[in-house]
Structures are given as structure tokens and as C-alpha cells.
Amino acid sequence: MIMTKRERFVSAALAAVMGCAPLAMLGCAPRENVLKIYNWGDYIEDSLVEEFEAWYEEQTGEAITVQYDTFDTNETMIMRIETQKADYDLVCPSDYMAERMITSGLALPVDKEIFDMGDMSMFYDGLAEMIEPFDENYEYFVPYVWGTFGIMYDVNYIKPGSIDSWSAMWSDKWYKESGRKRTLMKDSVRDAYSLARIYANTDKLSALSNGFTDYNAEYRKELVSYFSEVDDVAIKEAQDALIKQKSVVCKYEVDDGKNDMLAGTTDAYLGFFWSCDAGLIMIEEGGEHFYYTVPKEGSNVWVDGWIIPKYAGNTKAANYFLKFINEHEFAAINFEWMGESVSVKSVMDEAKAAIEENDEFEEGYYEGYKQMYLDMMFPPKDVIARCGIMRDFGMKMNTELDSMWIDVKTMW
């Protein structure tokens, strides 16, 4: 049997497509029989929602109905919780927003009688260290999906393995060759700021790491500061770099860039992408001509995870959902459908072994494709060593960053 592109990457093709719309018509069900989830789009396999409802009744003898809503940015989500006091039972913020929720008292602790994270050994190697800076005792934040950010490019135009530096995101090489701007940039202020700081300090990072060969403690201290510290001088430095970059950027985008590149409906040859988005289009038919790399100067490792908000109306069901979604069987279904790195170690170890043994990864692709994909989905230690995790900057500096980003995008 000839397998589809998606089946080459996972053990089975799942036909369900996530609708990502709120479940309407909940009727007059008592609040204790409703679980309200607020998540990113395309962040759960559709069948798992109904599966949880049946599983919950088996576990507790009680009926549950899931109301599932989605958001597109961390800032949209936090406004609903912080300002409107929406009584969602579970939300899925990114690391820096989870820190903000924890430090501002907007997060409730996980009930260890229902779901105990223990020493975090059930989660993929390194995730515990990423979470410790803002949830030292693993009380509030349950990791769910994670990855890196880097450069994805089309090997029809750029030789595989030929890009290893963020300088490619500022290069006018392809513009000079074709007269068209060929670079996509994320319309995300935190990511743009951090990337610009790394680019602006390339020489300093190179000196600290002996030409990017030794990612030592001094190098990491400097890199991490770009994700955890901000002041007016740093903002100006980032702004200057981002304004310089505009001469080669054909579009600022959040979600549609990957699909445009896959469909060939953009001038872009390369762009700044999260590994989850790169992985998503690589498991689609026709997605075999892309390459993803984490540049040598350094990058971000991000973790999206679950928080039970302060205003949750059904913490019992929320904790049971955390237990459910982290069981191997259900986490494996999620991994197969999303094509993204999940937090459950047993699922990731199993998936990595299956891909390593799958000879079809060597057929019909450019040389080095299989190793590139493995490094993207399961980042090796040398990649993690040059990655930092984002921290919350605080309200005042977040506002100043937002203003800077608006200025960059509107300045021509």
C-alpha cells in the first residue's frame, strides 16, 4: 500500500479535522457538568474532546460536556481572564504568559490528588529546567506542546543546509537576484524583539562562544538576557535592527505564511517560523521541499502549557483533563494529528524511534531531510544549549514594546 505524506511521518492517518469553534447548545447543564477550555487553534485532535467526555464519566461516574473555545494570541487570552474574569477552567498560555498569570495570582495550583506531575520525569528531557524559572515546584503549569523558533526555507531556491545564521533574515541576496522581497517575518512583538536583539549582538555572542563552538555559561547568560530583560536602550537597539530588516521583508504574518509557502502563493523563499508550524506543513502532501534550522547565534525554546485560571468554575474536571491529556494513549493521538513536539516523554521517545527506523524518510526527499526533521522535532542537546526561554517583562515594558513594534511596521 502506498502511504500518504502524513502517514510517512506518523504511524496512522487521522481523518478528523479540528473545527475550533465553541460547542454550542450546552443547554442548562449545571456548571459542575461543563468543562470550559480556552486553547490555541489546531491544538488538539478533535476526537479527544468526545473521548474525554466518555473517559471522565468512567473515572467519576459523572457526566461532563466540554465547551471548547480558541484564541490567536496570548494577549487575547489574558484579556479575557484578567479583565473580563472569564470562568474558563483551562487555558493554554505560552511560558512568559504563564509566568505572568502565576506571579499575578491568576493561576490555581494543580490538584495532586487527581494529577501529580511528581518530579517531571514523565515529561520530555529538559522541560523541567525550562519551567523551573517561573514555576519552581511545578505547582501551576503543565507542559503541553513545545519547540524552537528558527528559519524555514524552500530548497527549490536555497540549497539545503546552506543557512546557519540569522543574518539570512536580513540578507538582500535574493532581492538583488530577482527584484522581489523574499523574506517572511513573524508579526509577533516578543519574537521579533528577541530575534532583533540576537542579530544586533552577533559579534558579542560569537566572542563569548568561541565562534559559536562552545555554548558555555557566559554565552548563555548573555543570550538568556534577550528573552528576560528589556530597557529603553535594548528596545532602541531592536527597533533599529527591525527597521533595517524591512528592506527585505515581503510580509509580516502569524499563521498564513506557512500555507502560502506550501501553496506557492507568496514571493517568499524563507521566513522566521516556529518549529511547530514548519513541522505541520512538512507532513502535508507536497511539503517535502522545506528545510528548518535553528541558527548558530541562538534561539528561543518555547513551551505552551495548561493553567487553571483563578476564576475557573470547575477545577475538578480541569484536573481530570490534565490527567487525561497526559496519558500515553491520548498524548500519542495528539502527536500523530498535530505533527508537533508534545510534552509526554514516552510518546516522544516512541515516535523518534519509529522515525529513525522508517526508511521511507530517505526516499523521494533531498539529502539530509530525515536528520533535519529529527533535529527539528527532537532538538539535540547542542541545539537546546543555544536556546533561551522567554520571561515576562512586566506591564510597563510590554506596553513600550508594543509601541515600538507598531512604529516599526508603520514606518516606511
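On a predicted model such as this, the values are computed, not experimentally measured, just so you know.

Caption draft 1: A look at the overall build of the protein chain. Along its length, the protein chain carries 18 helices and twelve strands. Here the C-alpha radius of gyration of the protein chain, 21 Å, is about what a compact globule of 412 residues would show, namely 22 Å. Taking the principal axes of the C-alpha coordinates as reference, the protein chain spans close to 65 × 60 × 40 Å. Counting over 412 residues, the protein chain shows a buried share of 55%. Summing over all exposed atoms, the protein chain offers an accessible surface of approximately 17,400 Å²; the carbon and sulfur share of this is 49%. Looking at the protein chain, you have 38 positive and 74 negative side-chain charges, and the mean spots of the two groups are 7 Å apart.

Caption draft 2: Region of interest: the side chain of glutamate 53. Structurally, glutamate 53 can be placed in helix H2 (residues 47-60). It turns out glutamate 53 is buried and unbridged, and the closest side chain with the opposite charge, arginine 31, is 12 Å from it. If sequence neighbours within four positions are ignored, glutamate 53 has contacts with Ile64, Thr65 and Val66.

Caption draft 3: Up close: the side chain of aspartate 154. Within the secondary structure, aspartate 154 sits in strand S5 (residues 142-154). Contact partners of aspartate 154, with chain neighbours within four places excluded, come to Met261, Tyr269, His289 and Phe290.

Caption draft 4: Expanded view of the packing of helix H7 (residues 189-200) against helix H18 (residues 395-410). Packing of H7 against H18 brings their axes to within 10 Å, and their N-to-C directions diverge by 80 degrees. Taken together, H7 and H18 sit at an angle that is classed as roughly perpendicular. Contacts between H7 and H18 pair Val189, Arg190, Ala192 and Tyr193 from the former with Asn398, Leu401, Asp402, Met404 and Trp405 from the latter. In the contact of H7 with H18, the residues fall into six nonpolar, one polar and two charged.

Caption draft 5: Layout of the sheet that holds strand S3 (residues 90-91). Pairing in this open sheet of three strands is parallel, and the strands run S2-S1-S3 from one edge to the other. At either margin of the open sheet sits one strand with a lone partner, and together these are strand S2 (65-71) and S3. Here strand S1 (residues 34-40) runs beside S3; their pairing, made up of two bridges, is parallel. Each bridged residue has a counterpart across the sheet, and for tyrosine 38 the counterpart in S3 is valine 91. Relative to S2, H2 is tilted by about 150 degrees, and along the sheet it contacts S1 and S2.

Caption draft 6: Quick look at the confidence of the model for the protein chain. Of the residues in the protein chain, 93% have a pLDDT of 70 or more, and the chain-wide mean is 90. Segment residues 1-25: pLDDT under 50, and 54 contacts once partners within four positions in sequence are set aside and those in other chains are kept.

Scoring rules and cut-offs
Residues numbered from 1 in each chain as written. Predicted model: local features only at pLDDT ≥ 70, side-chain atom pairs only at ≥ 80, totals over all residues. Heavy atoms only, no water. Helix = DSSP H or I, 4+ residues; strand = E, 2+ residues; numbered from the N terminus. Rg over C-alpha atoms; globule rule 2.2 N^0.38 Å. Buried < 20%, exposed > 50% of the residue type's maximum accessible area, 1.4 Å probe, protein only. Areas by Shrake-Rupley, 256 points an atom, 1.4 Å probe, with all protein chains shown as cover. Lys, Arg positive; Asp, Glu negative; His and termini not counted. Charge placed at Lys NZ, Arg CZ, Asp CG, Glu CD. Salt bridge = Lys/Arg side-chain N within 4 Å of Asp/Glu carboxyl O. Contact = heavy atoms within 4.5 Å. Axes fitted to C-alpha atoms, helices over the stretch in contact; angles between N-to-C directions. Parallel < 35°, antiparallel > 145°, perpendicular 65-115°, else oblique. Nonpolar A, V, L, I, M, F, W, Y, C, P; charged D, E, K, R; others polar. Pairing = 2+ DSSP bridges. pLDDT = per-residue confidence, 0-100.

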